[in-house]
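Per-entry structural report
For reference, the chains in residue letters:
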Amino acid sequence: DVDHQKADWVSIHERICQLLIPIRTSLPFLLSEKERKHGMEQLVKRQKYIIELAYSTAQEFVWDGKHKEAIPAAFHALRFSTEVYGSNSVQLVPAYLLLAEASTGAGHLPQASKYLSQAKWIVLRTPDCSVAVQYKLHRSLGLFYAAEGNFEQALYHLANDIYLATSAFGLKSIETSGGYFHMANVFFRQNKMDIANSLYAEVTDIWHAFLVKSVQAQEQILKSRPEMSLFTEDKEVSEDCMTEAQQAEAIRVLNAVLDIREQAPKQQPGETARVLHALAMLYYLTMDLSKADEVGRKAFDLVKQLPQQESLEAIGHLLKLINSKPSYT
C-alpha cells in the first residue's frame, strides 16, 4: 500500500532506484556468447553492489534505533542475495539476522522468529559454516529471547555467542565484548547486579584496551608523517584501527554502560571514570573533539578524587592530544 511504498522509498529505494534500471533491463537477444557472458558478469557485479548498499543502509538505521526504517532496506539485501547466491546459501544469513534484529527492535517478534528460523536452518545445512556466522546467529537468538522475556534461553544463546567468538577472535576481543554486554543486560533486567556489574566492567576493559592501542597508533602516524594534513592522517587511522561498524557499536555500548554507572544507587567512581576515559578516546578518534574534551575532563576530575590515580597521567595526555588539534567538522 501507499504507506509501505513511502517506507520503502525513505529506507532504500531512493538510493538504488537508478541502479535498478540496468538490472531490470533484459539483455539484447542478438549477442555473441562473449558479450552475453560479459553482460551477466556486469549484472552480478551490480547486484552485489546493491546488496552491500542495502545491507549497510539497513545496518545504519538499526544503529540509530530506527528499526522500522531498516526493514525495507534489509529486505532488498535479502532479495538480491537470493538472486545472486540462491535461496539456501549461507550468504543469506547476514540479511536474515539483520531482518530479525530490525523486526525485534520494531516489536514484530513473530516475524523476527521466522527470519531466525530460516537463518538457523541454513546454518545447520552448512557443515563448513564459519564460526563468525555461527556466533552472530547465537547473538541474534539471544537478543530475540531477551526481547521475549525468556531469559534462560537468552543466556544460553549468549553463552554460545561468547564461546564461539572467543574461539575465533580471542577472550579479550571486541567481537566477544558484544556477547558480554548483552548478557550483562539480561542479568541487569533480572536485578542480578553483582553479575551484571562484573560483565559491564569486562566490556569496559576490552574497549578501553582496544582504544588505547588505537590512540597510540594514531600518535605514531602523527609523529612519523608530520608532513601530512591532520584530516588525511585521521582518515587513515580510522580506516586502519576502527571500522564504521565498530565505531557505532562502541558509541552505543559505552554510552549505555555510562548511563548505568551514573544512575546506579551505589556509585563506583573508578568504573565510571574508566568508561569516560574510553569514550573520550573514542570521540577523539572519530574527530568529535568537543565531546572528547567534555568527557575527558569529567574523567580527569573524577580520577583526581580517587585514592589511587594511576590513569590521571594517561587522561591528561589524552586531553593534550585533543586540544592540540584544530576544531573542524
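Just so you know, these numbers come straight off a predicted model, no measurement behind them.

Rules used throughout
- Residues numbered from 1 in each chain as written.
- Predicted model: local features only at pLDDT ≥ 70, side-chain atom pairs only at ≥ 80, totals over all residues.
- Heavy atoms only, no water.
- Helix = DSSP H or I, 4+ residues; strand = E, 2+ residues; numbered from the N terminus.
- Expected span 1.5 Å × (residues − 1).
- Buried < 20%, exposed > 50% of the residue type's maximum accessible area, 1.4 Å probe, protein only.
- Core = buried A, V, L, I, M, F, W, Y, C linked by side-chain atoms within 4.5 Å.
- Domains from an automatic or database assignment.
- Arc of directions from axis to C-beta.
- Contact = heavy atoms within 4.5 Å.
- Axes fitted to C-alpha atoms, helices over the stretch in contact; angles between N-to-C directions.
- Parallel < 35°, antiparallel > 145°, perpendicular 65-115°, else oblique.
- Left-handed = near helix turned anticlockwise from the far one by under 90°.
- Nonpolar A, V, L, I, M, F, W, Y, C, P; charged D, E, K, R; others polar.

**Digging into helix H3 (residues 67–85)**
For H3, spanning 19 residues, the distance from its first C-alpha to its last is 26 Å, which sits close to the expected 27 Å at 1.5 Å a residue. All of the buried residues along H3 are His 67, Ala 70, Ile 71, Pro 72, Ala 73, Ala 74, His 76, Ala 77, Leu 78, Phe 80 and Ser 81. Trailing H3 by a residue or two, Gly 86 shows a phi angle of about 100°, which is positive.

**Describing the nonpolar core**
Within the largest apolar cluster, 52 residues are counted, with the highest numbers of intra-cluster contacts made by Trp 207, Leu 211, Leu 279 and Tyr 284. Of all the secondary structure elements, the ones that give two or more residues to this core are helix H7 (151–169), helix H8 (174–189), helix H9 (193–224), helix H11 (244–263), helix H12 (269–285), helix H13 (289–304) and helix H14 (312–323). The dominant element in this core, judged by the number of residues it contributes, is H12, at 11 residues. For this core, the two domains that each supply at least three residues are domain 2 (130–191) and domain 3 (206–222 + 242–328).

**A look at helix H5 (residues 109–124)**
An ideal rise of 1.5 Å per residue puts 22 Å on 16 residues; H5 measures up with 22 Å between its terminal C-alpha atoms. For H5, the full list of buried residues reads Ala 112, Tyr 115, Leu 116, Ala 119, Ile 122 and Val 123. The arc that holds the buried residues of H5, viewed along the axis, is 120°, so those residues lie on one side. In H5, the exposed positions angled more than 90 degrees off the buried face are occupied by Pro 110, Lys 114 and Leu 124. Each element contacted by the buried residues of H5 is listed here: H3, helix H4 (93–105) and helix H6 (131–148).

**Regarding the packing of H12 against H13**
Between H12 and H13, the least distance of the axes is 8 Å, while the angle of their chain directions is 155°. If you check the angle between H12 and H13, you find them roughly antiparallel. Relative to H13, H12 is oriented so that their crossing is left-handed. Every residue of H13 that contacts H12 at Pro 269, Thr 272, Ala 273, Leu 276, His 277, Leu 279, Ala 280, Tyr 283 and Tyr 284 is listed here: Leu 289, Lys 291, Ala 292, Val 295, Gly 296, Lys 298, Ala 299, Leu 302 and Val 303.

**Overview of the packing of H12 against H14**
Contact geometry of H12 with H14 gives a least axis separation of 11 Å together with a crossing angle of 25°. The pairing of H12 with H14 is recorded here as roughly parallel in orientation. Both H12 and H14 take part in a crossing whose hand is left-handed. Contacts between H12 and H14 involve His 277, Ala 280, Met 281 and Tyr 284 on the former and, on the latter, Ala 314, Ile 315, Leu 318, Leu 321 and Ile 322. By residue class, the composition of the contact of H12 with H14 is 8 nonpolar, 1 polar and no charged.

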